[in-house]
Every structure is written in C-alpha cells, then in structure tokens.
Amino acid sequence: MATRVTAEHRSLTFLRTAVALQTSAIFFQAATAGLLLSSSHGEVLHSAGARVMYGASMLYVLAAILAWRPGGGSPRPILYASGFLALASVQVVLGIAHKPSVHVPLGVLMFGLSVLALGHALYTRRS
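Rules used throughout
Residues numbered from 1 in each chain as written. Predicted model: local features only at pLDDT ≥ 70, side-chain atom pairs only at ≥ 80, totals over all residues. Heavy atoms only, no water. Helix = DSSP H or I, 4+ residues; strand = E, 2+ residues; numbered from the N terminus. Contact = heavy atoms within 4.5 Å. Areas by Shrake-Rupley, 256 points an atom, 1.4 Å probe, with all protein chains shown as cover. Expected span 1.5 Å × (residues − 1). Buried < 20%, exposed > 50% of the residue type's maximum accessible area, 1.4 Å probe, protein only. Polar contact = N/O pair within 3.5 Å; in protein donor to acceptor, adjacent residues only side chain to side chain. Axes fitted to C-alpha atoms, helices over the stretch in contact; angles between N-to-C directions. Parallel < 35°, antiparallel > 145°, perpendicular 65-115°, else oblique. Left-handed = near helix turned anticlockwise from the far one by under 90°.

S.K.: How would you explain the overall build of the chain if you had to name every residue and give the values?
M.R.: Across its full length, the chain carries four helices and zero strands. Secondary structure elements in the chain, listed N-terminal to C-terminal, are α-α-α-α. By sequence separation, contacts in the chain at least 24 residues apart represent 65% of the contacts at least 6 residues apart. Looking at the chain as shown, the accessible area adds up to about 7800 Å², and 72% of this sits on carbon and sulfur atoms.

This is the structure in structure tokens:
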C-alpha cells in the first residue's frame, strides 16, 4: 500500500513538473517573439525555445500516461496533454510557414490553456 501511494505521488509530481516546464517554455516563446522584432538574436532564441516547448509537450504526454497508470485514475489528463502536443505541432508548422496572423494568437491560446492545466495539476489531489 505504501509503495502504491509513493508511486502515485511521484507520478503526480512528475506530471506537475512537466506542465510547469511546458508553461514556462511557452512563456519563454512569448518573450522571444518580441525579440524577433528588435534583435538579430531573437530568431535563434525563438527557434531553440520552440524545440524545448515541443519537447516539453511530449514530456507532458508521457507524464500524463505515467500519472494515470499506477492509480487507475481518469485518463482525461492524457487527452489534455495530447491536445497540447497537437497544438504544438500546428504551432511549429505555422511558425516555419511564417504565418504570424495565426501563429501568434495560437501561441496566446496555448499559454492560457497551459496555465489552466498547470493550475488544475497543482490543485488536484489523489485519494
């Protein structure tokens, strides 16, 4: 019983950390998007941040699966994480295609949704 509780606690902590990393990476992307307009280094930082954000979205999916498996809880976080990964994929494609009229609003939406997911993950308790 204690081992199960410890595994659930670890997986929930991993989920919270993954969502926090994703939210931070998306916020970094917003900051570097502003640098794109004013600095030659902005493109390099934004490109590197995109890779980190995409990796963080994949990590979020993994963490959601691991948080669901030990406790047999709701698979809903897996759906949220997969949705974020899909949005991140669209975001990368739009960025490469230089479509800021869709890329920027989608980034704002992703940041808002990630903050909501982080709040939900931080205040969710396992029984």
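The structure having been displayed, the exposition proceeds.
S.K.: Give a detailed account of helix α3 (residues 76-96), specifying residues and quantitative values.
M.R.: The terminal C-alpha atoms of α3, which comprises 21 residues, lie 31 Å apart, in line with the 30 Å expected from a rise of 1.5 Å per residue. Positive backbone phi, approximately 55°, marks His98, located one or two places after α3.

S.K.: Describe the side chain of Ser57, and please don't skip the residues or the numbers.
M.R.: Inspection of the secondary structure assignment puts Ser57 in helix α2 (residues 42-71). Judged by relative accessible area, Ser57 falls into the buried class, the value being 0%. Polar contacts involving the side chain of Ser57 include one to the side chain of Gln22, which spans 3.2 Å. Setting aside chain neighbours within four positions, we find Ser57 in contact with Gln22, Phe84, Leu85 and Ala88.

S.K.: Outline the packing of α3 against helix α4 (residues 100-123), listing residues and values.
M.R.: Here α3 crosses α4 at 155°, and the two axes come no closer than 10 Å. Relative to α4, α3 is oriented roughly antiparallel. Between α3 and α4 lies a crossing whose hand is left-handed. Residues Phe84, Leu87, Ala88, Val90, Gln91, Leu94 and Gly95 of α3 form the contact with α4, whose own contacting residues are Val102, His103, Leu106, Gly107, Met110, Leu113, Ser114 and Ala117.

Purely spatial values, then, with no claim about function.
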